Amino acid sequence: MDFEYTAEQIHLRRAVREFAQAEIAPHVLEWDENQIFPLEVIKKLGQLGYLGAIFPEEYGGAGLGYIEYAIIIEELSRVDGSVGIIVAAHTSLCSNHIYKAGSEEQKQKYLTKLTSGEYIGCWSLTEPEAGSDAAGTRTTAVRDDDHWRINGSKTFTTNAHYADVCVAMAVTDRAGAQHGISAFIFEKGTPGFRAGKKENKLGLRASATGEVIFSDCRLADSQLLGKRGEGFIDSLKTLDGGRVSIAALSIGIAQGAYDAALKYSKLRKQFGRPISEFQAIQHKLVDMATSLDASRLLTYRAARMIDKGQRVTRESAMAKLFASEAAVQIANEAVQIHGGYGFIKDYPVEKFYRDVKLCTIGEGTSEIQRLVIARQLLKD
Ligand SMILES: Cc1cc2nc3c(=O)[nH]c(=O)nc-3n(C[C@H](O)[C@H](O)[C@H](O)COP(=O)(O)OP(=O)(O)OC[C@H]3O[C@@H](n4cnc5c(N)ncnc54)[C@H](O)[C@@H]3O)c2cc1C
């Protein structure tokens with residue numbers, strides 16, 4: 001076993017951290033308060049190659065792997081979870097589904113533009129009536145001459161309002177159950193395809209989350225992604241990687257909260273001493289640092305397994321479950337260590353506290369992660 005990052009990975013972490021400090025940190029509060037989508041920053045991340053970390057160079061990617069990808073998501077989220085989730089939805093959901101299931105023509109047409117940041121991507125599985133039970137998809141794709149006619153709507157799609165490309169699932173054969181759902185690629189501007197209501201959220205407010213609506217939207221066969229009827233199964237495979245993103249997002253937000261709490265505990269004096277000298281505060285810091293380490297071990301194990309081409313359904317769900325639950329706890333303690341100052345916006349921890357909650361919900365709630373892990377354990 002090897003628990004060391006390579007020199008290149010350490011260099012990458014430093015470079016992303018510097019970028020985040022220079023380009024993101026000064027704007028975090030304003031973006032959050034006014035729900036400003038940081039489009040310019042996302043474009044720059046594309047130019048720097050950070051949107052294509054996990055894809056081969058022939059598609060404009062950096063030819064790296066999931067460890068490097070997790071480092072990128074972690075370091076961006078340490079400063080702003082909104083940027084982390086935008087990049088995660090773009091890369092490990094939209095782009096990766098196209099990379100894994102797409103034809104060569106689709107990869108050349110879409111993936112090359114997604115890795116460069118020319119296109120922003122989104123990925124729509126969740127519907128108002130089909131959340132955890134995603135196989136309950138109601139959006140339909142019906143054959144109409146030589147085209148597909150798509151009707152329905154999706155909810156909670158990250159990047160919906162800024163996406164040039166959307167991968168969405170629709171029922172093509174109702175009797176086929178999980179094998180009756182297909183994936184389609186929608187381009188911005190296609191008649192009958194549009195973003196709907198943008199949600200006003202508790203956290204991650206600079207990321208845009210909202211509806212995607214299909215009304216009599218006609219698509220040619222060239223827009224079918226993967227085999228007909230295999231869109232849901234491909235989605236589950238895509239989510240195995242996606243869960244590593246949410247684990248990395250959790251770690252990044254938790255690290256930001258921990259760093260702020262550690263610093264504050266050394267500066268804040270009560271009873272004539274820095275509060276870091278009180279054992280009660282030290283124990284909080286110890287528990288926070290220990291859970292952060294444990295989260296990283298689970299997450300980077302799953303990332304390494306993906307890089308080795310292994311199936312990670314169990315390991316990525318474990319990483320996501322543990323890291324997200326731990327991160328919520330870490331952010332909570334970070335606010336507690338700040339006392340009343342943790343509750344006001346002059347300090348960064350209140351935002352970490354709000355942002356982090358999504359991690360136990362998005363890409364499968366903690367309850368669903370336990371269900372996924374239980375199935376794997378019982379199968380073994
Ligand atoms: C900010 C944000 C961004 C998102 N981005 C995307 C995106 O880009 N693309 C996308 O497709 N989706 C996205 N989602 C949707 C997200 O994945 C879903 O919200 C999530 O899967 C839960 O579905 P739901 O909200 O319908 O909750 P429900 O499924 O209604 O769950 C409600 C509660 O019931 C529990 N529950 C449900 N079924 C079971 C069960 N069998 N056993 C035990 N407990 C159960 C859940 O754990 C939860 O506690 C996003 C959501 C948010 C909030």
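See above for the structure.
Residues numbered from 1 in each chain as written. Predicted model: local features only at pLDDT ≥ 70, side-chain atom pairs only at ≥ 80, totals over all residues. Heavy atoms only, no water.

Looking now at the site of the ligand. Lining the immediate environment of the ligand, one finds 19 residues, of which Thr 126, Ser 132, Phe 156, Thr 158 and Thr 365 sit closest. Contacts to the ligand include Ser 132, whose side-chain N or O atom sits 2.6 Å from an oxygen atom. Between the ligand and the protein, one listed contact pairs a nitrogen atom with a backbone N or O atom of Phe 156 at 2.9 Å. For the ligand, whose free accessible area comes to 970 Å², the fraction covered by protein is 64%. (Near = heavy atom within 4 Å. Polar contact = N/O pair within 3.5 Å; in protein donor to acceptor, adjacent residues only side chain to side chain. Areas by Shrake-Rupley, 256 points an atom, 1.4 Å probe, with all protein chains shown as cover.)

Two faces belong to every sheet, and in a regular strand the side chains alternate between them. For strand S5 (residues 181-187), the tally of buried residues reaches 6 of 7 residues, placing the bulk of the element in the interior. Pairing analysis gives 7 bridges linking strand S4 (residues 165-171) to S5, with the strands arranged antiparallel. Residue pairing for S5: Val 165 is matched across the bridge by Glu 187. (Buried < 20%, exposed > 50% of the residue type's maximum accessible area, 1.4 Å probe, protein only. Helix = DSSP H or I, 4+ residues; strand = E, 2+ residues; numbered from the N terminus. Pairing = 2+ DSSP bridges.)

This brings us to the nonpolar core. One finds Ile 24, Ile 42, Leu 45, Leu 76, Val 83, Val 87 and Met 288 to be the most contacted residues of the largest nonpolar core, which totals 69 residues. With 13 residues, helix H7 (residues 231-267) is the single largest residue contributor to this core. Leave out the neighbours within four places in its chain, and Leu 45 touches Phe 19, Tyr 50, Leu 51, Leu 76, Val 83 and Val 87. Residues Leu 93, Cys 94, Val 167 and Ala 183 belong to the second largest nonpolar core, which totals 22 residues. (Core = buried A, V, L, I, M, F, W, Y, C linked by side-chain atoms within 4.5 Å. Contact = heavy atoms within 4.5 Å.)

Now for helix H6 (residues 104-116). When the terminal C-alpha atoms of H6 are compared, their 17 Å separation across 13 residues agrees well with the 18 Å that a helix rising 1.5 Å per residue should span. Bending of H6 peaks at approximately 30° at the position of Tyr 110. Downstream of H6 by one or two residues, Gly 117 has phi in the positive range, about 90°. (Expected span 1.5 Å × (residues − 1). Bend = angle between axes of the 7 residues up to and from the residue.)

In this structure the tally under the stated criterion is 12 aromatic pairs. Residues Tyr 66 and Tyr 69 carry aromatic rings whose centres are separated by 5.4 Å and whose planes lie at 70° to one another, so their mutual orientation is edge-to-face. Taken together, the positions of Tyr 66 and Tyr 69, both in helix H4 (residues 66-79) and 3 residues apart, correspond to about one turn of that helix. Note on accessibility: Tyr 66 and Tyr 69 belong to one class, buried. Ring centres of Phe 193 and Phe 214 lie 6.0 Å apart, and the angle between their planes is 15°; on these two criteria the pair is classed as stacked. Of the two residues, Phe 193 sits in strand S6 (residues 193-198) while Phe 214 sits in strand S7 (residues 209-220), which places them 21 residues apart along the sequence. With relative accessibility at 3%, the residue Phe 214 sits in the buried group. Counting every residue linked through ring pairs, the aromatic cluster contains Phe 55, Tyr 59 and Tyr 99. Arg 143 extends its terminal NZ or CZ atom over the ring of Trp 148, reaching a point 4.7 Å from the ring centre. (Phe/Tyr/Trp six-rings, centres within 6.5 Å; stacked < 30°, edge-to-face > 60°. Lys NZ or Arg CZ within 6 Å of the ring centre and 35° of its normal.)

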